[in-house]
Amino acid sequence: MDHYDGETNDYRQQEDDWDRDLLLDPAWEKQQRKTFTAWCNSHLRKAGTQIENIEEDFRDGLKLMLLLEVISGERLAKPERGKMRVHKISNVNKALNFITRKGVKLVSIGAEEIVDGNAKMTLGMIWTIILRFAIQDISVEETSAKEGLLLWCQRKTAPYKNVNIQNFHISWKDGLGFCALIHRHRPELIDYSKLRKDDPMTNLNTAFDVAERYLDIPRMLDAEDIVGTARPDEKAIMTYVSSFYHAFSGAQKAETAANRICKVLAVNQDNEKLMEDYERLASDLLEWIRRTIPWLENRAPENTMTAMQQKLEDFRDYRRMHKPPKVQEKCQLEINFNTLQTKLRLSNRPAFMPSEGKMVSDISNAWSGLEGAEKGYEEWLLNEIRRLERLDHLAEKFRQKATIHEGWTIGKEDMLQQKDFETASLSEIKALLKKHEAFESDLAAHQDRVEQIAAIAQELNELDYYDSPKVNARCQRICDLWDTLGALTQKRNEALQRTEKLLETIDQLYLEFAKRAAPFNNWMEGAMEDLQDTFIVHTIEEIQGLTAAHEQFKATLPEADKERQAILGIHNEISKIVQTYHVNMAGCNPYTTITPQTINAKWEKVRQLVPQRDQALVEEHTRQQDNERLRKQFAGQANVIGPWIQTKMEEIGRISIEMHGTLETQLTQLRQYEKNIINYKPKIDQLEGDHQLIQEALIFDNKHTNYTMEHIRVGWEQLLTTIARTINEIENQILTRDAKGISQEQMNEFRASFNHFDRKRTGMMDADDFKTCLISMGYNLSEAEFARIMSIVDPNRLGVVTFQAFIDFMSREAADTDTADQVMASFKVLAGDKNYILADELRRELPPEQAEYCIARMAPYTGRDAVPGALDYMSFSTALYGESDL
């Protein structure tokens, strides 16, 4: 249960409860939003406005400030009317500061959260306002705030059956508590006997409708909000119930007001007496002041020290005896006035306005006038006494100082009028300036003495010294001479500085000439070097770039000429100064050896080189245009011939790979291609002629084509070689076919196998593809056997197998197989029962080709048998099929 301290206004615990409750049951937020919105509108409607969305409508701070003004009855600071975020934050801060000044300690609630529309922070802020302005001031039987409100509800509902108010949540769910409060104060509005505890919806709606219609209490909750929640929101119920409390507490306030009126009347009588006492005391004090001031303003001087001492004694008696009682009266008058104003303010009465001329400020002004006159009179007395004492002392002091000063001024006027600086050099001028600065320091040191002499003379005049005319005449002579010395000093200083400045100006001009002439001279030398520099270009773009750069350089010539004229102008200015002021300048420019003549000579050289450069660039541009024409002419032919050669190469490759027609047909087609290619030779020769012209023109690149003459030559030679080689391969294939008795179908099979394993479609198989082909044909290859076969089909060890080599190998293998079978059958016939055979017998019985093949294959195995020169059946089989088959 929240605890409320009415004296300290500590809301920290309530705010902590508010945050915790919202976290425990988000449904309470809806109840609080509805209740707090209705509560705010019940006050805002007094100002002719309302809110719809509690977190949105308070974001700019305007309605929040208006709400605080309505519920507090006080005016807040003028709000900002801007629409920017900073204006909104300013308005909300003004509202929060007002709440804080009312003793409310806001925790974790800042203007930024309200402006950002933070619902929880906004509800927390409104709850804090409700606590401060609607609940804090509730007091019942020495309890206040929440406990006081709860006790009030318990006292008012105690006589009613089925009503037991113990808290501000579940005790109000059945609605009988609200109905009991209304019936207790306005029994004619509700028939309490007809209400039932088991019908909370009817009870709550009855209470809320009656309160809204007859008691001017807005409907802050709906019955469903309370009945449909296990534990209604305590803040919402407290806010609603506090509205009932304020609605029914009007009668008690009326009685309290009557008592206050009696107290006010008594206070008014006391205040009137204080007003009368103030008027009387003010009149007496002002009269005394008016009588005293004329005496203090009397300044009639005395000629003797005794008379002045008596006036001083009378003034001291006034200070000791007559003034202190009046000081006490003035103090008491101010105390009475402040006490009266405090009482009037506490009783909400207008401030006391004394009669005209008797305000505290009037009395203070009169008193200030008295003290001013008093101070002036005292100062006058003391000054008169001091004046009489100082007259003789000052006169002697004046004579001494005047004599010393007059001795110092002798010869100074002649010295300042010398003209020695007119023929001096810069170094001599600087020396004269140092000497003159020393004199100025000496002159400044005597300034104090002259001022002292004048001050003494002035003081003697102020003290009415009898011999003032003589003192004034001598002081005037000293001052006149001092002014003359000062004028001459200033004049000589100006002349020295003018001469020094003139010589320094010439020196600076020399330096500026050197600083500007050096880079300009370097620029001209660089320009001459660039203009005479030879150039080598190979493209029209390069010569165009050089031409553009040259044009840019020419565009800078006017500015360069201005710089030249400016540099020469510096030298002319030096000459003009020397001639005008008759300056004695010995030697030349100490900062550079460059002369105007040097600059003019180099500038003229640059001007002569520019047209020469123009002519050279024009000639080179013409030459590059001719070269560009040659490039395009060559490129036009090369871009046709190059692709034509490539196309022919591809067509020849397709003819050699594809299996259309017989070998003789392919040969005829290839020879026709060869004839067409040879007929193309004139175009190659024409391109050679264009290339010769390009070489003679020293053209090294051509952006219009990727083909060079070397590429064309190599391509042409490759084309001729390829067509010749392809024709030769077809001819060899025909020879092989005829020699080996290979049919056209076999040739087609060989070509199909070769093309299948020629994965790269180059017309040649690499070693791996060839090995795969052999394995697919049933060969069981070891590394050694495959190496042997490769040495046959690729004797040059190029790593590739041509179609011709492939055909030769396949036809040879087929022939070897047939020959071996024939030899084996012959061996069985010839050997008979001997199981061996002699080489001569093989030559006699077998055809020569078969006999020699057999003898060659069997040679390593001859002689294994006991019979010399004989070959047994086992040796024959081993030689033919290998050791592994034995």
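Basis of the calculations
- Residues numbered from 1 in each chain as written.
- Predicted model: local features only at pLDDT ≥ 70, side-chain atom pairs only at ≥ 80, totals over all residues.
- Heavy atoms only, no water.
- Helix = DSSP H or I, 4+ residues; strand = E, 2+ residues; numbered from the N terminus.
- Buried < 20%, exposed > 50% of the residue type's maximum accessible area, 1.4 Å probe, protein only.
- Contact = heavy atoms within 4.5 Å.
- Areas by Shrake-Rupley, 256 points an atom, 1.4 Å probe, with all protein chains shown as cover.
- Salt bridge = Lys/Arg side-chain N within 4 Å of Asp/Glu carboxyl O.
- Phe/Tyr/Trp six-rings, centres within 6.5 Å; stacked < 30°, edge-to-face > 60°.
- Axes fitted to C-alpha atoms, helices over the stretch in contact; angles between N-to-C directions.
- Parallel < 35°, antiparallel > 145°, perpendicular 65-115°, else oblique.
- Left-handed = near helix turned anticlockwise from the far one by under 90°.
- Core = buried A, V, L, I, M, F, W, Y, C linked by side-chain atoms within 4.5 Å.
- Expected span 1.5 Å × (residues − 1).
- Bend = angle between axes of the 7 residues up to and from the residue.
- Nonpolar A, V, L, I, M, F, W, Y, C, P; charged D, E, K, R; others polar.
- pLDDT = per-residue confidence, 0-100.

K.L.:
Honestly, the overall build of the protein in this entry has me stumped. Any pointers?
P.N.:
What the protein contains, in helices and strands, is 31 helices and six strands. Split into buried and exposed, the 886 residues of the protein put 41% on the buried side. Partitioning the contacts of the protein with sequence separation of at least 6, the portion at a separation of at least 24 is 71%. Carbon and sulfur atoms provide 51% of the accessible area of the protein, an area that totals close to 49300 Å².

K.L.:
Is there a simple way to explain the pattern of salt bridges in this structure?
P.N.:
A side chain with one charge can pair with a side chain of the opposite charge if their charged atoms come near. What the rule picks out here adds up to 47 salt bridges. Between R319 and E378 there is a salt bridge, with the nearest N and O atoms lying 2.9 Å from each other. Here R319 is found in helix α14 (residues 305–346), whereas its partner E378 is found in helix α15 (residues 360–408), with 59 residues between them in sequence. On the accessibility criterion, E378 (26% relative accessible area) is partly exposed. For E731, the salt bridge is made with R671, and the minimal N-O distance between the two is 2.6 Å. With a gap of 60 residues between them, E731 in helix α24 (residues 709–740) and R671 in helix α22 (residues 663–679) connect regions that are remote in the sequence. In the salt-bridge network here, residues are joined through shared partners; they are K34, D209, R219, D222 and D225.

K.L.:
Before we go on, may I ask you to explain the packing of aromatic side chains in this structure?
P.N.:
Both the distance between ring centres and the angle between the ring planes are used here to describe each pair of aromatic rings. With the rule as written, the count across this model stands at 25 aromatic pairs. Seen in terms of ring centroids, F178 and Y240 are 5.7 Å apart; in terms of plane orientation they differ by 55 degrees. Their pairing is tilted. Of this pair, F178 sits in helix α9 (residues 176–185) while Y240 is found in helix α12 (residues 234–248), placing the two residues 62 residues apart along the sequence. For the residue pair F178 and Y240, the accessibility class agrees, reading buried in each case. When the ring of W523 is compared with that of F553, the centres are 5.8 Å apart and the planes differ by 25 degrees; the resulting orientation is stacked. Placement of the pair is W523 in helix α19 (residues 468–532) and F553 in helix α20 (residues 540–581), with a sequence separation of 30 residues.

K.L.:
Just checking my understanding: could you explain the packing of helix α26 (residues 767–776) against helix α27 (residues 783–793) for this structure?
P.N.:
When two helices pack together, you describe them by how their axes are tilted relative to each other and by the distance separating the axes. For the pair α26 and α27, interaxial distance at closest approach is 12 Å and the crossing angle is 115 degrees. Between α26 and α27, the interaxial angle falls into the category roughly perpendicular. In this structure, α26 crosses over α27, and the sense of that crossing is right-handed. Of the residues in α27, those in contact with A767, F770, K771 and L774 of α26 are E783, F786, I789, M790 and V793.

K.L.:
Sorry, what's going on with the nonpolar core here?
P.N.:
Side chains that are nonpolar tend, in soluble globular proteins, to be buried together. Counting 79 residues, the largest nonpolar core has I126, I129 and F178 as its most contacted members. With 11 residues, the single largest contributor to this core is helix α7 (residues 119–135). Excluding residues that lie within four positions of it along the chain, I126 makes contacts with F36, C40, I54, F58 and L67. Counting 48 residues, the second-largest nonpolar core is a separate cluster that includes F634, W644, L663 and M810.

K.L.:
Can you walk me through α15 in this structure?
P.N.:
Since the α-helix packs 3.6 residues into each turn, any two residues three or four apart lie on the same face. When the terminal C-alpha atoms of α15 are compared, their 63 Å separation across 49 residues is substantially less than the 72 Å that a helix rising 1.5 Å per residue should span. Remark: the principal bend of α15, roughly 45 degrees, maps to R390.

K.L.:
I'm lost on the packing of α9 against α12 in this one. Help?
P.N.:
Their axes nearest at 11 Å, the elements α9 and α12 cross at an angle of 5 degrees. Taken together, the axis directions place α9 and α12 in an arrangement best described as roughly parallel. For the pair α9 and α12, the contacting residues are F178, L181, I182 and H185 in the first and I237, Y240, V241, F244 and F248 in the second. Partitioned by chemical class, the residues of the contact of α9 with α12 number eight nonpolar, one polar and no charged.

K.L.:
Can you walk me through the confidence of the model for the protein in this structure?
P.N.:
Detailed reading of the predicted model is not advised wherever pLDDT is low. Looking at the protein, pLDDT values average 80 and 87% of them are 70 or higher. The spread of mean pLDDT over the elements of the protein runs between helix α1 (residues 12–24), the lowest at 42, and α9, the highest at 93. Note that pLDDT drops below 50 for residues 880–886; the model gives that stretch 13 contacts with residues more than four away or on any other chain.

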